[in-house]
Structure formats: structure tokens, C-alpha cells
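# Chains, contacts and geometry: an overview
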Amino acid sequence: MPIIYLSPSTQEWNQYVTGSGSEEYNMNLLADALIPYLVSNGIQYKRNRPEMTAGSSIREANQGDYDFYLALHSNGAPEGRYGEERGIIAFYYPGSAQGQRAAELIAAELRKIYPLPNKVTTRSTTTLGEVRQPKAPAVLVEIGYHDNYSDAQWVEGHMDAIAQQLARALTEFFGLPFIYPMDPIAGTVRVNYGTLNLRSYPAPTGKILANLPNGASVTVYGEWQGWYVVHYGDLVGYAAAAFIDT
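Conventions we followed
- Residues numbered from 1 in each chain as written.
- Predicted model: local features only at pLDDT ≥ 70, side-chain atom pairs only at ≥ 80, totals over all residues.
- Heavy atoms only, no water.
- Helix = DSSP H or I, 4+ residues; strand = E, 2+ residues; numbered from the N terminus.
- Buried < 20%, exposed > 50% of the residue type's maximum accessible area, 1.4 Å probe, protein only.
- Contact = heavy atoms within 4.5 Å.
- Areas by Shrake-Rupley, 256 points an atom, 1.4 Å probe, with all protein chains shown as cover.
- Lys, Arg positive; Asp, Glu negative; His and termini not counted.
- Charge placed at Lys NZ, Arg CZ, Asp CG, Glu CD.
- Pairing = 2+ DSSP bridges.
- Axes fitted to C-alpha atoms, helices over the stretch in contact; angles between N-to-C directions.
- Phe/Tyr/Trp six-rings, centres within 6.5 Å; stacked < 30°, edge-to-face > 60°.
- Patch = residues over 30% accessible without salt bridge, like charges linked within 9 Å, V, L, I, M, F, W, Y side chains within 5 Å.
- Salt bridge = Lys/Arg side-chain N within 4 Å of Asp/Glu carboxyl O.
- Parallel < 35°, antiparallel > 145°, perpendicular 65-115°, else oblique.
- Left-handed = near helix turned anticlockwise from the far one by under 90°.
- Nonpolar A, V, L, I, M, F, W, Y, C, P; charged D, E, K, R; others polar.
- Core = buried A, V, L, I, M, F, W, Y, C linked by side-chain atoms within 4.5 Å.

### Description of the overall build of the protein chain
From N to C terminus, the protein chain includes 6 helices and 13 strands. If you line up the protein chain on its principal axes, its C-alpha atoms span 70 × 35 × 35 Å. Taking all 246 residues of the protein chain together, 52% fall into the buried category. Sequence-distant contacts, at least 24 apart, represent 72% of the contacts inside the protein chain between residues at least 6 apart. Put simply, the protein chain shows about 11,100 Å² of open surface, and 47% of that area lies on carbon and sulfur atoms. Positive and negative side-chain charges in the protein chain, numbering 17 and 24 respectively, have mean positions lying 7 Å apart.

### Digging into the sheet that holds strand S1 (residues 3–8)
Here we have 6 strands laid out as an open sheet, ordered S2-S1-S3-S6-S4-S5, and mixed in their pairing. Edge positions in the sheet fall to strand S2 (44–47) and strand S5 (120–124), since each of these pairs with one other strand and no more. Strand-to-strand twist in this sheet, taken as the mean axis angle between neighbours without regard to direction, amounts to 25 degrees. Contacting strand S4 (88–92) and strand S6 (138–145), helix H5 (residues 149–157) crosses the sheet at an angle of about 115 degrees to S6.

### Let's talk about the packing of aromatic side chains
On inspection of all chains with the given rule, the structure shows 7 aromatic pairs. With 5.5 Å between their ring centres and 80 degrees between their planes, tyrosine 5 and tyrosine 66 make a pair best called edge-to-face. Of this pair, tyrosine 5 sits in strand S1 while tyrosine 66 is found in the loop between helix H2 (54–62) and strand S3 (68–75), placing the two residues 61 residues apart along the sequence. An identical accessibility class is assigned to tyrosine 5 and tyrosine 66; each is buried. Ring geometry for phenylalanine 68 and phenylalanine 173: centres 5.2 Å apart, planes at 50 degrees, overall tilted. Here phenylalanine 173 lies in helix H6 (residues 159–174) and phenylalanine 68 lies in strand S3, a separation of 105 residues in the sequence. For the pair shown, phenylalanine 68 and phenylalanine 173 are each scored as buried.

### Regarding a nonpolar patch on the surface
On the surface, Val17, Tyr82 and Tyr149 cluster together into a nonpolar patch covering about 320 Å² of accessible area. Mapped onto the elements, tyrosine 82 comes out in the loop between S3 and S4.

### Considering the packing of helix H1 (residues 23–40) against H6
Direction vectors running N to C along H1 and H6 enclose 55 degrees, while the axes themselves pass 8 Å from each other. On the basis of the axis angle, H1 is oblique to H6. Between H1 and H6 lies a crossing whose hand is right-handed. Each of Asn26, Leu29, Leu30, Ala33, Leu34, Tyr37 and Leu38 in H1 lies in contact with H6, whose residues at this interface are Met159, Asp160, Ile162, Ala163, Gln164, Leu166, Ala167 and Leu170. For the contact of H1 with H6, the residue count by class is 12 nonpolar, 2 polar and 1 charged.

### Some words on the nonpolar core
Of all hydrophobic cores here, the largest spans 48 residues; its most connected members are Leu30, Leu70, Leu72 and Ile143. At 9 residues, H1 tops the list of elements feeding residues into this core. Those residues in contact with leucine 70 that lie beyond four places of it in its chain are Tyr5, Leu6, Ser7, Leu34, Ile106, Val139, Val141 and Leu170. Core analysis: the second largest hydrophobic core is formed by 15 residues, Leu196, Ala216, Val218 and Ile244 among them.

### Points about the pattern of salt bridges
Applying the stated rule across the entire model yields 7 salt bridges. Across the pair aspartate 32 and arginine 47 runs a salt bridge, and its minimum N-O distance is 2.8 Å. Taken together, the residues span a long stretch of sequence, with aspartate 32 in helix H1 and arginine 47 in strand S2 at a distance of 15 residues. One salt bridge in this structure joins arginine 190 and aspartate 245, with 3.4 Å as the shortest N-O distance. Taken together, the residues span a long stretch of sequence, with arginine 190 in the loop between strand S7 (185–189) and strand S8 (195–199) and aspartate 245 in strand S13 (residues 244–245) at a distance of 55 residues. Note on aspartate 245: relative accessible area 42%, which makes it partly exposed. What you see here is one network of salt bridges that share partners, running through Arg49, Glu51 and Glu60.

### As for unusual backbone geometry
Leaving glycine out, the prevailing phi sign among residues is negative, and the prevailing peptide bond configuration is trans. Located in the positive-phi region is glutamine 225, a residue other than glycine, with phi close to 45 degrees. The class of glutamine 225 is exposed, set by a relative accessible area of 63%.

### Here we look at the environment of valine 229
Within the secondary structure, valine 229 sits in strand S11 (residues 227–232). Between the C-alpha atom of valine 229 and that of valine 218, which follows or precedes it by 11 residues, the distance is 9.9 Å.

What follows is the structure, encoded as C-alpha cells:
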């Protein structure tokens, strides 16, 4: 199953014009909202911490084996245009086909909920370390302008909707079905003989990740067309719901 590095902004000095807090504070709220969607869709993650910097986040990510790097930020208008800009920009590194594809998927999903869809764009850049330096495909998404009152209010009032659209883009990027979050429930594998396959995709053709023995304890985080998203120890995958008692 895919694993991403999630890097909400650590820029505590950028304050929202509404007085709700900093860019760091609000982007961490967005990351909080995103995590249940990641878990319910079988996407594992490692998250940076507020005391880190963009540089230390990149270094930590590059020490691991991640399938994607997602940086969450909000934007600020240049000097002289404070409060006058609006929009969302998904940045990617030029020449990264997977980074560009992910940026386009993210932009397409966010256009569905942002009040000015024509202002949701993608852009290649060589200046942002969080798309230039990660070894995994990377996108840095600037979600609204924190110095614009309308944008700041929109971000604050749409955390769950933004998180859902980001998750929809990620599931499409990884070729997975989108599954709404549910409260995790305990389950027990029940098979009459043999073992239950834990798979990388909710279909009999999905790669087998593990064999779950009868009586094995699992945690179920989502359901899709007769398949459960199952956490079994450190493993995450899909298992046939008919063979798990909840």
C-alpha cells in the first residue's frame, strides 16, 4: 500500500488576516482533517512536526522510502498587493511527470469546491525546496491566500471539504477507490480453513500482502463493495469483508 510524507507548513510567522492563527496552525488543522481520509483509504503516512523546518522535513522524507511528498501551505501576496490576491496553486518540479500528474489531479479536485475555480492552477517551479529536493514525486499546494479575508475565511470554514478533495486526488493518483472514513472497529478473521488474503487492491487480482490466520485480530477503517480496509499489525490492505466478524 502507498505511503506518503505529509508536510504541513511550519511557518508560524505567517498570520491569517482573520485572526484565526498562523499558516502553521491552520495547515496542521488541515493535516488533522486529512488523516482520517488517508487511513480509511489505506494510504499510510509519516507527518512532520511543528518544530521542524521545510529543510528538516525534506531530509526526514529522503531518509525513508515514500511514494509521494505532499506539502500543505497557504499563500501570501507580494509586497504592495497585500490582500488583493486569491487562488490555489499546486506546484511541482519541472520534468517530474508524476509530480505534474499529481498536481493536476489535486487542482482538478479543488476546483470542484473553491469559489473561483478558474483561479485554481498548477505551476512548475525550481525555487521551492519541497518540490525540488524530495526524492519522491512531490507537490506543494498553496491553498488560498492567508492575507486575503475571503480566502482565509474559506480555508477556515472548509477544512473537511479540502481534506476530502486532497484524498480523492491521492486515491486517483495511486489507482485506489475513494472510501469515506468510518470510526475504526475491531474485527476478527473467520475462515473455515486456510488463511484470509490481505491484498494491495480490493479485488481478487490484488497483490497478496499477507495471509491472515483464523482468529487474527484486525482493525477495520473503511468498507468498499464487499472489501474492508484492514490494519493488521504494521500492514495495511484490503480483505474480503465476508470473512471478518465485527
